[in-house]
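Chain residues, written in single-letter form:
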Amino acid sequence: MEGITALVVFTVGVAALATLLILPPGLAVAYALARWDGPGKGVVETVLTLPLVLPPTAVGLVLLELLGRHGPLGRVLDAWGVEVVFTPKAVVLASAVMAFPLLVRSARSGFEEVDPRLVAVARTLGDSRARAFFRVTLPLAWRGVLVGALLAFSRALGEFGATVLVAGNIPGRTQTLSLAIFQRTQLGRDAEALRLAGVAALLAFVAVFATEVVTRRRGQRVRA
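All figures in this text were calculated on a predicted structure; none of them were measured in a lab. (Residues numbered from 1 in each chain as written. Predicted model: local features only at pLDDT ≥ 70, side-chain atom pairs only at ≥ 80, totals over all residues. Heavy atoms only, no water.)

## Looking at the side chain of Asp127
Next up, step 1: By the element assignment, Asp127 lies in the loop between helix H6 (116–124) and helix H7 (129–140).
Next up, step 2: In terms of polar contacts, Asp127 uses its side chain to reach the side chain of Arg135, at 3.4 Å.
Next up, step 3: Each residue touching Asp127, except ones within four places of it in the same chain, is listed here: Ala122, Ala132 and Arg135. (Helix = DSSP H or I, 4+ residues; strand = E, 2+ residues; numbered from the N terminus. Polar contact = N/O pair within 3.5 Å; in protein donor to acceptor, adjacent residues only side chain to side chain. Contact = heavy atoms within 4.5 Å.)

## Some remarks on the packing of aromatic side chains
Next up, step 1: Counted under the stated rule, the structure contains 6 aromatic pairs.
Next up, step 2: Pairing Tyr31 with Phe111 gives two aromatic rings, centres 5.5 Å apart and planes at 90 degrees, and the pair type is edge-to-face. Of this pair, Tyr31 sits in helix H1 (residues 2–35) while Phe111 is found in helix H5 (residues 88–112), placing the two residues 80 residues apart along the sequence.
Next up, step 3: Among the residues examined, Phe111 registers a relative accessible area of 0% and is labelled buried.
Next up, step 4: Three or more aromatic residues joined by ring pairs make a cluster, and in this case those are Tyr31, Phe111, Phe133 and Phe134. (Phe/Tyr/Trp six-rings, centres within 6.5 Å; stacked < 30°, edge-to-face > 60°. Buried < 20%, exposed > 50% of the residue type's maximum accessible area, 1.4 Å probe, protein only.)

## Points about the packing of helix H3 (residues 56–67) against H5
Next up, step 1: Between H3 and H5, the shortest axis-to-axis distance is 11 Å and the interhelical angle comes to 130 degrees. Put simply, H3 runs oblique to H5. Every pair of crossing elements has a handedness; the one defined by H3 and H5 is right-handed. Contacts from Pro56, Val59, Leu63 and Leu67 of H3 reach H5 at Leu93, Ala94, Val97 and Met98.
Next up, step 2: Looking at side-chain class alone, the contact of H3 with H5 contains 8 nonpolar, no polar and no charged residues. (Axes fitted to C-alpha atoms, helices over the stretch in contact; angles between N-to-C directions. Parallel < 35°, antiparallel > 145°, perpendicular 65-115°, else oblique. Left-handed = near helix turned anticlockwise from the far one by under 90°. Nonpolar A, V, L, I, M, F, W, Y, C, P; charged D, E, K, R; others polar.)

## Some points on the pattern of salt bridges
Next up, step 1: What the rule picks out here adds up to 9 salt bridges.
Next up, step 2: Residue Glu45 is joined to Arg108 by a salt bridge in which the shortest nitrogen-to-oxygen separation is 2.6 Å. Taken together, the positions of Glu45 in helix H2 (residues 41–53) and Arg108 in helix H5 put the pair 63 residues apart, joining distant regions of the chain.
Next up, step 3: A relative accessible area of 19% means that Arg108 is categorised as buried.
Next up, step 4: Asp127 is the salt-bridge partner of Arg135, the closest N and O atoms lying 3.4 Å from each other.
Next up, step 5: On the basis of relative accessibility, which here comes to 12%, the residue Asp127 falls in the buried class.
Next up, step 6: Each of the salt bridges in this network shares a partner with another, and the network as a whole consists of Glu45, Arg108 and Glu112. (Salt bridge = Lys/Arg side-chain N within 4 Å of Asp/Glu carboxyl O.)

Below is the structure:
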């Protein structure tokens, strides 16, 4: 039981940290896409969506090549004495990359529902662009942002493919619930794997149910 508890705490902690990590850049990108109709928007949206459609192992391989000691980012980090690959940092980073598109897509929909005229009124009353965003746009789009955050958290909870490549499957160091299920299955410990799968299903149910509740209320508000 202690082992399962440690896995749950680590997995939930990683998912929460990954969600918090992508929240500022995710909101910035989502808002920019909601307000920008210039050339190249489709290309940007396609690139941001790639982690959702590519095999997660392909994303993990790209991260490994970038962050490895001989990779472009890895050499810079190594010079600063920062190690990422096969550490808990890599677990958080892989989860954040895989969850980022879900946050952006939902938050962008929320921002698109905000009437630009309301923001313009706030600007004419003396608010700066940033102040208008935090006082008008974000409060009106909060349901879309929250749904995006919950979806990102849910995705991070079950991340496997990218994580196993860039962080490995090290018990007590980088092993999450999904990685532990895979390991137990490989070792023929199916009963343990099933118990872990049940815990993972329960966590996923809670996260997805919360998303559905917020989405339903958001839909009711839009129809009203």
